[in-house]
Structure formats: structure tokens, C-alpha cells
Amino acid sequence: MSSFPQPRPGILEITPYVGGKGGSGDRANIAKLSANENPLGPSPHAIEAYQATAASLHRYPEGGSETLTQAIARRFDLDPSRIICGAGSDELIAVLIRAYAGPGDEVLTSRHGFLMYKLAALAAGAHVIEAPETELRSDVDALLQRVTSRTRILFIANPNNPTGSFIDGAELTRLHAALPPHVILAVDAAYAEYAEGTPGYDSGLSLANQYENVVSLRTFSKLFGLAALRLGWLFGPKRIVDTLHRVRGPFNVSLPAQAAGIAALSDLAHQAAARAHNDRWLPWVKQELEGLGLKVWPSLGNFLLIEFPRRLGQDAVAAEAFLEAAGVIPRGMGSYGLGHCLRISIGTEAENRRLVQVLGAFQARHTLPGGSDR
Ligand SMILES: *Cc1c(COP(=O)(O)O)cnc(C)c1O
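Residues numbered from 1 in each chain as written. Predicted model: local features only at pLDDT ≥ 70, side-chain atom pairs only at ≥ 80, totals over all residues. Heavy atoms only, no water.

- The name given to the chain in an unreviewed UniProt entry is Histidinol-phosphate aminotransferase, with the source organism recorded as Arboricoccus pini.
- Looking at the Catalytic activity (unreviewed entry) heading of the UniProt record, one finds this comment for the chain: "L-histidinol phosphate + 2-oxoglutarate = 3-(imidazol-4-yl)-2-oxopropyl phosphate + L-glutamate".
- In its Cofactor (unreviewed entry) section, the UniProt entry covering the chain states "pyridoxal 5'-phosphate". (UniProt positions renumbered as here; feature names shortened; annotations may be inferred.)

## Focus on the sheet that holds strand β2 (residues 83-86)
Here comes step 1: Taken together, 7 strands build an open sheet; the order of strands is β2-β8-β7-β6-β5-β3-β4 and the sheet is mixed. The open sheet has two free edges, formed respectively by β2 and β4 (127-131), since each of these has just one partner strand. The sheet shows a mean angle of 20° between the axes of neighbouring strands, direction not considered.
Here comes step 2: Pairing geometry for strand β7 (residues 214-219) and strand β8 (residues 232-235), over 4 bridges, is antiparallel. In the strand pairing of β8, Arg218 is matched with Trp233.
Here comes step 3: The strands that helix α2 (residues 66-76) touches are β2, β7 and β8; relative to β2, the one it contacts most, it runs at about 120°. (Pairing = 2+ DSSP bridges. Helix = DSSP H or I, 4+ residues; strand = E, 2+ residues; numbered from the N terminus. Axes fitted to C-alpha atoms, helices over the stretch in contact; angles between N-to-C directions. Contact = heavy atoms within 4.5 Å.)

## Topic: the pairing of strand β5 (residues 151-157)
Here comes step 1: β5 sits mainly inside the fold: 6 of its 7 residues count as buried.
Here comes step 2: In terms of strand pairing, strand β3 (residues 106-110) meets β5 through 3 bridges, oriented parallel. Each residue of the ladder has a partner; that of Leu108, found in β5, is Leu154.
Here comes step 3: Pairing between β5 and strand β6 (residues 184-188): 5 bridges, direction parallel. Its bridge partner lying in β6, Ala157 is registered against Asp188.
Here comes step 4: For the handedness criterion, the β-α-β arrangement of β5, helix α6 (residues 169-178) and β6 is classed as right-handed. (Buried < 20%, exposed > 50% of the residue type's maximum accessible area, 1.4 Å probe, protein only. Right-handed = clockwise from strand over helix to strand, strands pointing away.)

## Looking at the UniProt feature "domain: Aminotransferase class I/classII large" (unreviewed entry) in the chain
Here comes step 1: Under the feature "domain: Aminotransferase class I/classII large" (unreviewed entry), the UniProt entry names residues 30-359.
Here comes step 2: Annotated as residues 30-359, this span is 41% helix and 16% strand, and its ends, taken at the C-alpha atoms, are 15 Å apart.

## Structural notes on the nonpolar core
Here comes step 1: In terms of nonpolar packing, the biggest core is built from 41 residues, with Ile72, Leu154, Ile156, Leu175, Phe220 and Trp233 touching the most fellow members.
Here comes step 2: The biggest single contributor to this core is α2, with 5 residues.
Here comes step 3: Setting aside its immediate chain neighbours within four residues, Trp233 contacts Ile72, Phe76, Leu78, Ile83, Ile84, Cys85, Leu92, Ser216, Leu217, Arg218 and Phe220.
Here comes step 4: Counting residues in hydrophobic clusters, the runner-up holds 35 residues, among them Ala120, Leu136, Ala186 and Ile240. (Core = buried A, V, L, I, M, F, W, Y, C linked by side-chain atoms within 4.5 Å.)

## Comments concerning the packing of aromatic side chains
Here comes step 1: Enumeration according to the criterion identifies 11 aromatic pairs in this entry.
Here comes step 2: Both rings, one in Tyr117 and one in Phe155, keep their centres 4.5 Å apart while their planes meet at 5°; by these two values the pair is stacked. With Tyr117 in helix α4 (residues 116-123) and Phe155 in strand β5, this pair connects stretches of sequence that are 38 residues apart. Summarising the burial analysis for this pair, Tyr117 and Phe155 share the class buried. (Phe/Tyr/Trp six-rings, centres within 6.5 Å; stacked < 30°, edge-to-face > 60°.)

## Some remarks on the pattern of salt bridges
Here comes step 1: If you walk through the whole model with that rule in mind, you get 15 salt bridges.
Here comes step 2: Between Arg275 and Asp279 there is a salt bridge, with the nearest N and O atoms lying 3.0 Å from each other. Taken together, the residues Arg275 and Asp279, both in helix α11 (residues 268-291) and 4 residues apart, mark about one turn of the helix.
Here comes step 3: Of the residues examined, Asp279 reaches a relative accessible area of 39% and is grouped as partly exposed. (Salt bridge = Lys/Arg side-chain N within 4 Å of Asp/Glu carboxyl O.)

## Remarks on the packing of helix α3 (residues 88-100) against α4
Here comes step 1: One can describe the packing of α3 onto α4 by two numbers: an axis separation of 9 Å at closest approach and a directional angle of 40°. Relative to α4, the element α3 lies oblique. Relative to α4, α3 is oriented so that their crossing is right-handed. From α3, Asp90, Ile93, Ala94 and Ile97 reach across to α4, where they touch Met116, Tyr117, Ala120 and Ala121. (Parallel < 35°, antiparallel > 145°, perpendicular 65-115°, else oblique. Left-handed = near helix turned anticlockwise from the far one by under 90°.)

## Here we look at the site of the ligand
Here comes step 1: The immediate surroundings of the ligand are formed by Gly88, Ser89, Asp90, Phe114, Asn161, Asp188, Ala190, Tyr191, Thr219, Ser221, Lys222 and Arg230.
Here comes step 2: In the environment of the ligand, an oxygen atom lies 2.7 Å from a nitrogen or oxygen atom belonging to the backbone of Ser89.
Here comes step 3: Between an oxygen atom of the ligand and a side-chain N or O atom of Asn161, the distance comes to 2.7 Å.
Here comes step 4: For the ligand, whose free accessible area comes to 380 Å², the fraction covered by protein is 94%.
Here comes step 5: Of the residues forming the shell around the ligand, the biggest block, 3 residues, is contributed by α3.
Here comes step 6: Counted by class, the shell around the ligand contains 3 nonpolar, 5 polar and 4 charged residues. (Near = heavy atom within 4 Å. Polar contact = N/O pair within 3.5 Å; in protein donor to acceptor, adjacent residues only side chain to side chain. Areas by Shrake-Rupley, 256 points an atom, 1.4 Å probe, with all protein chains shown as cover. Nonpolar A, V, L, I, M, F, W, Y, C, P; charged D, E, K, R; others polar.)

## Some details on the environment of Ser3
Here comes step 1: Relative to the helices and strands, Ser3 resides in the segment before β1 (31-32).
Here comes step 2: Its relative accessible area of 73% is what places Ser3 among the exposed residues.

## Re the sheet that holds strand β12 (residues 331-332)
Here comes step 1: Across the sheet, which stays open at both edges, the 4 strands sit in the order β9-β10-β13-β12 with antiparallel pairing between neighbours. Since the sheet does not close on itself, it has two edges, and those belong to β9 (295-296) and β12, each with one partner.
Here comes step 2: Here strand β10 (residues 303-307) pairs with strand β13 (residues 341-345) via 5 bridges, running antiparallel. Opposite Ile306, over in β13, you have Leu342 as the bridge partner.
Here comes step 3: Sheet strands touched by α11: β9, β10 and β13. Its angle to β10, the strand with the most contacts, is close to 10°.
Here comes step 4: Where helix α12 (residues 316-325) meets the sheet, its contacts fall on β12 and β13, and the angle it forms with β13 comes to roughly 35°.

Below you can see the structure in the form of C-alpha cells.
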């Protein structure tokens, strides 16, 4: 017997998720590019709706976020009885795992897939199985090879954070068709609003509409600009959605989050502006950084993965320190097994230009004669 309380097996293997550095206050001299937030901020309508809830903070919110669910259903043309809202898609990832996977079960994901799948699986006592990727892209065959009778859920972020890569509709369909029916295919489409329109892109919604074992996850944290409020949703077969309602907290989404979410959904102009901003600046930042001699991976999200040479003083660790000293906060990728890379979000125009300028200065230290890199 131990002399102090012991958590369940697996819990102490969890390395707590650390969000992008830089905090949540807007600090004038800091360009926070570490958390894939919307550089345009929230919709003014969402702010107004959020503030209007202040006098009702003594009331419990709708337990099942019914009004918000109806609004999502209308906006995305879906059956509301097949939608569940959560405190961020993070909560829904955890609830899905808690409901379907436990000790002895396996949760399958891709080597550089979004970290929350692994953390939530460990918290539930399940085993995490990782399939290798090809060129930082989920590999359908490698994933399928790792499916066993113990596999409960296969998570795939499409596009994936932090790599930015995606698998197209044909591959997603092939993956689903080869999966045994007892395995849930969870397509995390957190960046769908940025990716839609790219030829071949598939958020998993139509598979989730057709099959008993597919769900698609979405969030208000990225294009909708409501990360602080914690709001996400899942669309899936009725059986799974009903199951998740039994496992979620009774009032899992706060009143301000529900109100702001409804208002944000109807602000089509703000959504279009956020998309247009990303469409304009992501290719610009990518091209400028490539012009500095850096490798930048293609991305369908609102972020870019930048690869640095593995040479002391020129590597990602040095670049991160250099950027931070100049007030630009990137996301280090060590926890994703990509320690030679940094991820940056697309910021405001001024932030993007500053990023390029600071990385230009960093690169120049090595290319100019008498560079100070040693
Ligand atoms: C940001 C992100 C989420 C969203 O998480 P929330 O809990 O909704 O803020 C989910 N999946 C991926 C891949 C992400 O990058």
C-alpha cells in the first residue's frame, strides 16, 4: 500500500498541455503568433451578445445549448438532433474518448497529430497508438495497419495542426471504408472554415452524415475568434451524439459562450473578412519566409510550420529565442516531435511584416560575412 493517494495507471504519463506562450492580454509590443487565434479578434456582434449576458450570470445556461445548436444546424444545414456543443472541441474530444475508450482500449492517431487526442486518451486510461506520417502528412495505409480489435477511435485532424497538411476526400473515404465498423473515425475539422474551397478538401461532415461510426468536430476558437470562451461542436450519428450527452457535464457550455456563439454565427461579414485576411496573408508570409531560405510546409490552416536547419545557432531553438527577444512569440514544436520546427499563426498585417523582418535579421546573421552565429 502506498502512503499517499495514487492516480489511475497512465495519468502520470501525461505531460500537461501547454498553450502557446504570450498570454491572453493584448500587449502592444508583443506579436503573439503562438496559438492560431484570429488576428481580427471576435465579431463585434459576439462581443455585444457576450456583454448582454452580464446581468444574467446568476442563471444556469441551457443545459444542452439548444438555441446555439439550432443556430449551428441552420448555418451548416445539419440535423440539430445530431449536434452536440462543448466547452471547446477539447471537451468533446475528451468526452468522446471517455465514452468509448478505457483501460485496455486503443486510440489511434498520427505521429504529428494534434496533442489533445493523446492527452485525453491517457487520461481515460486508454493506450495511444501512433502511426508514422509520410512527409508530415497522415498516412492512410500506416493508420489502417495499426487498427486492431482493441482500437476504439481513430482521430485525424483535417487539416492537421501543427503540420497544416490534409488528406483529401478520396483518401478519407478509403480510410473509412477499410475501418471495421466498431471503430469511430473522428475527423477534427478545427480549420475547416479556412480549408473549404481547396480542391479535394473534406471536413468529414458528409461521411458523418452517412455512417454510424464517423463524427466531425468543429470549433469557434479559430475563424470565429472566440477561443477565450471555449466553444466547439460535434456532428455525428444520433447514437453517438446521444451517448455523448450522457457523459458531458450538465451545463458544459457557459451562458456567455452560447450567446456569443449564436451572434458570431450570424456575422457572415466577419467570417468572410477573417477568411479573406488569411487567404491574402498566409501565401505572402510563406513566400517571404521561403525567400529567406527557410523551408515552409504547405498549410490549409491559419498557421505555418517553418523548418530550420539542425545547426547550432541556426536551428529552431535559436530562432525561437531570437523571435521572442524581438517580441514575436512563435510556438515551439518539441512536444510534437518536431523540435526542428516552429509554428506561427497568421497575424495582423503589421505582425506578419514584423515576423518576416525579424526572421530576416535572424537568417542574415548566418549569411553575411562575419555573422555573429558562433
Ligand atoms: C485549435 C484546435 C482545436 C480547437 O480546440 P478548442 O478546444 O475548440 O479551442 C481542435 N483541434 C485542433 C486540431 C486545433 O488546432
